[in-house]
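These are the residues of each chain, in order.
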Amino acid sequence: MTAEARFDLLDHRHTQDMWEITREWRRTTPVLRPMEGHVYVSRFEHCWDVLRDPATFSNANGMKAVEMPEEERSLGEMDPPRHTHLRRVMRASFTRRSVEAQRSFTRANAEELLCELRQRPAVDLVAEFTDVLPNLVTLNLMGFPMEDAPQVVAWARELLHSDWPALNRTERGEGLHGAFPEFSHYLDSLVESRRRPDAPDDMITRLARCEVEGETPSATVLRTLTAQVILGGISTSTNMLGSLFYRLLRDPSLHRRLREHPASIPAALEESLRVDPPVLFVLRNCTRETEIGGFSIHGGERVVVGISSANRDEAIFEDPERYRLDRGRPRHLAFAGGTHLCIGAGLARVVGCETIETFTRLFDVGDVQLAPNFHFEGVPVFLEWGPARLDVQFSRPDAARSPSAPA
Ligand code: HEM
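Okay, so let's go over this structure.

The rules behind the values
Residues numbered from 1 in each chain as written. Predicted model: local features only at pLDDT ≥ 70, side-chain atom pairs only at ≥ 80, totals over all residues. Heavy atoms only, no water. Buried < 20%, exposed > 50% of the residue type's maximum accessible area, 1.4 Å probe, protein only. Helix = DSSP H or I, 4+ residues; strand = E, 2+ residues; numbered from the N terminus. Pairing = 2+ DSSP bridges. Salt bridge = Lys/Arg side-chain N within 4 Å of Asp/Glu carboxyl O. Contact = heavy atoms within 4.5 Å. Axes fitted to C-alpha atoms, helices over the stretch in contact; angles between N-to-C directions. Phe/Tyr/Trp six-rings, centres within 6.5 Å; stacked < 30°, edge-to-face > 60°. Lys NZ or Arg CZ within 6 Å of the ring centre and 35° of its normal. Donors = N, O, S within 2.8 Å, 3.2 Å for Na, K, Ca; no water. Parallel < 35°, antiparallel > 145°, perpendicular 65-115°, else oblique. Left-handed = near helix turned anticlockwise from the far one by under 90°.

**Side note on the pairing of strand β2 (residues 38–41)**
Inference 1: Side chains His38 and Tyr40 project from β2 onto one buried face, and the interleaved Val39 and Val41 project onto a second face that is buried too.
Inference 2: Pairing geometry for strand β1 (residues 31–35) and β2, over three bridges, is antiparallel. Each bridged residue has a counterpart across the sheet, and for Leu32 the counterpart in β2 is Tyr40.
Inference 3: Across four bridges, β2 lies against strand β10 (residues 302–305) in parallel orientation. Bridge pairing in β10 links Val39 to Val303.

**Section: the pattern of salt bridges**
Inference 1: Tallied over the entire structure, the rule returns 34 salt bridges.
Inference 2: Measuring nitrogen to oxygen at the nearest pair gives 2.7 Å for the salt bridge that ties Glu354 to Arg107. On the criterion of sequence distance, the pair formed by Glu354 in helix α19 (residues 345–362) and Arg107 in helix α6 (residues 103–117) is long-range, its members being 247 residues apart.
Inference 3: For Glu354, a relative accessible area of 8% puts it in the buried group.
Inference 4: You can call Arg107 partly exposed: its relative accessible area is 32%.
Inference 5: Arg172 serves as the salt-bridge partner of Glu182, at 2.9 Å between the closest nitrogen and oxygen. Within this pair, whereas Glu182 is found in helix α12 (residues 181–193), its partner Arg172 is found in the loop between β5 (169–170) and β6 (173–174), the two being separated by 10 residues in sequence.
Inference 6: Glu182 gets classed as partly exposed once you look at its relative accessible area, which sits at 40%.

**Re the sheet that holds strand β7 (residues 282–286)**
Inference 1: The five strands are arranged β1-β2-β10-β7-β3 in an open sheet whose pairing can be described as mixed. Here the strands that pair on one side only, and so sit at the sheet edges, are β1 and β3 (57–58).
Inference 2: Alignment of β3 against β7, held across two bridges, turns out to be antiparallel. Looking across to β7, one finds that Ser58 is bridged to Asn285.
Inference 3: Seen against the sheet, helix α3 (residues 44–51) touches β1, β2, β3, β7 and β10 and runs at an angle of roughly 130° to β10.

**Concerning the packing of aromatic side chains**
Inference 1: Applying the stated criterion across every chain yields a total of 15 aromatic pairs.
Inference 2: Residues Trp19 and Trp385 carry aromatic rings whose centres are separated by 5.2 Å and whose planes lie at 75° to one another, so their mutual orientation is edge-to-face. Of this pair, Trp19 sits in helix α2 (residues 19–28) while Trp385 sits in the loop between β11 (368–370) and β12 (391–394), placing them 366 residues apart in sequence. Both residues of the pair, Trp19 and Trp385, count as buried.
Inference 3: A ring pair is formed by Trp155 and Phe183, whose centres lie 5.4 Å apart and whose planes are at 25°; its orientation type is stacked. Here Phe183 lies in helix α12 and Trp155 lies in helix α9 (residues 149–160), a separation of 28 residues in the sequence.
Inference 4: Accessibility expressed as a relative area gives 14% for Trp155, which makes it buried.
Inference 5: Of the residues examined, Phe183 reaches a relative accessible area of 1% and is grouped as buried.
Inference 6: In this structure an aromatic cluster arises from ring pairing among Trp19, Tyr246, Phe374, Phe376 and Trp385.
Inference 7: For Arg274, the ring lying beneath its charged end belongs to Phe317, and the centroid distance is 4.9 Å.

**Quick notes on the coordination of the iron atom of the ligand**
Inference 1: If you check the protein contacts of the iron atom of the ligand, you find one donor only, Cys342 (SG), at 2.3 Å.
Inference 2: Checked against the element boundaries, Cys342 lands in the loop between α18 (307–310) and α19.

**Quick word on the packing of helix α8 (residues 133–142) against α19**
Inference 1: Here α8 crosses α19 at 135°, and the two axes come no closer than 11 Å. In this view, α8 runs oblique relative to α19, as classed from their interaxial angle. Seen along the crossing, α8 lies across α19 with a hand that is right-handed. Taking contact as the criterion, the partners of Leu133, Pro134, Val137, Thr138 and Leu141 in α8 are, on α19, Leu347, Val351 and Thr355.

Right under this line is the structure:
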């Protein structure tokens, strides 16, 4: 596809194959209008300019195609100052301490799941592992009863795949409450139960008791924020793990290196987030006539911050297309940046590192292999990147060392 061709940013069949065209855009037309009303920003420095200017590039309403009632807006659907107040409340549950506390939980659950899976000759690692583990960790951090996890995740998936993310409604009704009454009722009751003095000290309790500018947020606000945290990590972390597993399964030297030198795992994860960002781009609404890099943008247009392009910007990264472990912690935009920098970035990093450490410790090179004739297919979501499935075979089911066996 040439740079002049019309490009549908809302069609996953186009966005799943953007690498070449965005390289060309960075070189020739770094800011352009590939489709009506949408301006794509491809260079790192211009993406930063957008992300750090919420007054001009607003998040109000986020990706919703309809005007949202204020109470039902998630953090990603609001601007300062309301965003600043509510984000502060949420940030209190993502401190380094509470995130680090999830390391042992992640490792134990990764071990348990992988040891179960290796008993089976063939498995889709996405459906059975990368789509399961991160949700357990998020729900654990938030303070959900673990026995409720399967139901909560099922509700959250149903919600993600419904019309609700775009339209704030389904055929059942309007808003989260109308569209998903059972899920909403569950969240409301849980939050309510945490107002009791003997409630455990966790994220849901902190939300239930929080005050924003001297007032207790309504049940609708608390429900919306709780749901957003669950949804925030659901497919993003799955994509992150899926892409790194896909690389490991194709590159025995990488697998060997991480197994022999676990200290390289954080660099391997960061480089994976840079080259294969789980979120391809984020959207902003332009509030006034402005320009980026000399390109005029009109008020009311949507600005597409090209994370996947910025992360391969040759002005920032030497040899940008290559996956390399010697970049340390590259300054990538996988978690965006500025006002709406991902709140779960630290948690995602803990989950990524612990999962890969567990996998490479349990399995030697060749113990787990992609199924013969495996063919990569990306997730069918226009702004996401990651394998839709990873069919693998455990070639030596007895090879994985059980957690208690000596290394
Ligand atoms: C690899 C995993 C993840 C990736 C790649 C990712 C990516 C992102 C990105 C790009 C944004 C910014 C959206 C924007 O600027 O419009 C964001 C925001 C957010 N993420 Fe994540 N995320 C990940 C994991 C998580 C997890 C695990 C959680 C929670 C448990 C989470 C919760 C959130 C929340 C609440 C926001 C909204 C922040 C705000 O608007 O102030 N994310 N994420």
